[in-house]
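Notes for the structure review
Take a look at the letters that make up each chain.
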Amino acid sequence: MDLSVSLQDGVALLEMRRPPANHFDEALIGQIVGAAGELDDDPACRVLLLASEGKHFCAGADFGGGEFAADHVAAAERLYRRAAQLFDLRTPIVAAVQGTAVGGGLGLACAADFRVAEAATRFQANFGKLGFHAGFGLSVTLPELIGRQKATDMMLTARRVGGDEAHRIGLADRLAEPGRVRETARALALEIAAAAPLAVRSMRATLRGDLAGRVRQALDHELAEQKVHWATADSAEGIAASLARRPPTFTGN
């Protein structure tokens, strides 16, 4: 099973099970969307807790194998159609982020309402080092969370942001003690679940406004830019360097 689902005390745990990196594809995001959609209509579920098995939260798409290695464009088109549906959910989402949330994995974490991390957690928008435009709606969600300037810093430098800094700039909402990310995230989810569910959903909808629509527009633009970049030598070099775990050498071609 790539995804396990359990419900207890109003909190539904959705756990990705593709350790250690928990790479996603359209199938896994589809499983998350499908399970979350059913829970959206379940009055016993008040909060979704998105977590993952193993060392890392999510390393995004796997360009070294599977459908993304075979055809970047077709795989991304399918993935983004599914990803857009995450933003239609009415139930609050808490993400327990251990290890790394990198690339599309950062996008998945930012699709949640709250992120819980620890000092050792690393967040990274590494697209510039891969040679293509950021995706998974990060053009909207990241600046919404931390402001345009800090989002620009993360995207253009592709640097890693540790848990302490993430908490300081608002990317992480709670900073857990080492090894207690899941427990701290569940505690936050239980706090939300204890509030009046109709009021919680209503306030969430008011605060989000047209977020789902703006993310859909961003996904269309991001994919259009990625299609161009995936045809370049720089993108081929960035992906190859990442798979070989070496620094890339970009030429602007």
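You'll find the structure just up there.
Residues numbered from 1 in each chain as written. Predicted model: local features only at pLDDT ≥ 70, side-chain atom pairs only at ≥ 80, totals over all residues. Heavy atoms only, no water.

Concerning the packing of aromatic side chains
Under the definition given, this model contains six aromatic pairs. Consider the rings of Phe24 and Phe136, whose centres lie 5.3 Å apart with planes at 35 degrees: the pair is tilted. Taken together, the positions of Phe24 in the loop between strand 2 (11-16) and helix 1 (26-40) and Phe136 in the loop between helix 5 (127-130) and helix 6 (138-146) put the pair 112 residues apart, joining distant regions of the chain. (Phe/Tyr/Trp six-rings, centres within 6.5 Å; stacked < 30°, edge-to-face > 60°. Helix = DSSP H or I, 4+ residues; strand = E, 2+ residues; numbered from the N terminus.)

Notes on the pattern of salt bridges
Per the stated rule, a full pass over the model turns up 19 salt bridges. With a shortest N-O distance of 3.0 Å, Arg204 and Asp113 are connected by a salt bridge. Here Asp113 lies in the loop between helix 4 (104-110) and strand 6 (114-118) and Arg204 lies in helix 10 (residues 197-208), a separation of 91 residues in the sequence. When sorted by exposure, Arg204 lands in the same class as Asp113, which is buried. (Salt bridge = Lys/Arg side-chain N within 4 Å of Asp/Glu carboxyl O. Buried < 20%, exposed > 50% of the residue type's maximum accessible area, 1.4 Å probe, protein only.)

Things to note about the sheet that holds strand 7 (residues 122-124)
Sheet strands line up and pair through hydrogen bonds in the backbone, either parallel or antiparallel. Pairing in this open sheet of three strands is mixed, and the strands run 5-7-8 from one edge to the other. Each of the sheet's edge strands pairs with one partner strand only, and the pair in question is strand 5 (100-102) and strand 8 (160-162). Strand-to-strand, the axes of this sheet are offset by a mean angle of 15 degrees, without reference to chain direction. For strand 7 and strand 8, the ladder comprises three bridges, and the chain directions are antiparallel. Along strand 8, the bridge assignment pairs Gln124 with Arg160. (Pairing = 2+ DSSP bridges. Axes fitted to C-alpha atoms, helices over the stretch in contact; angles between N-to-C directions.)

Scope: geometric values only; no functional claims are made or implied.
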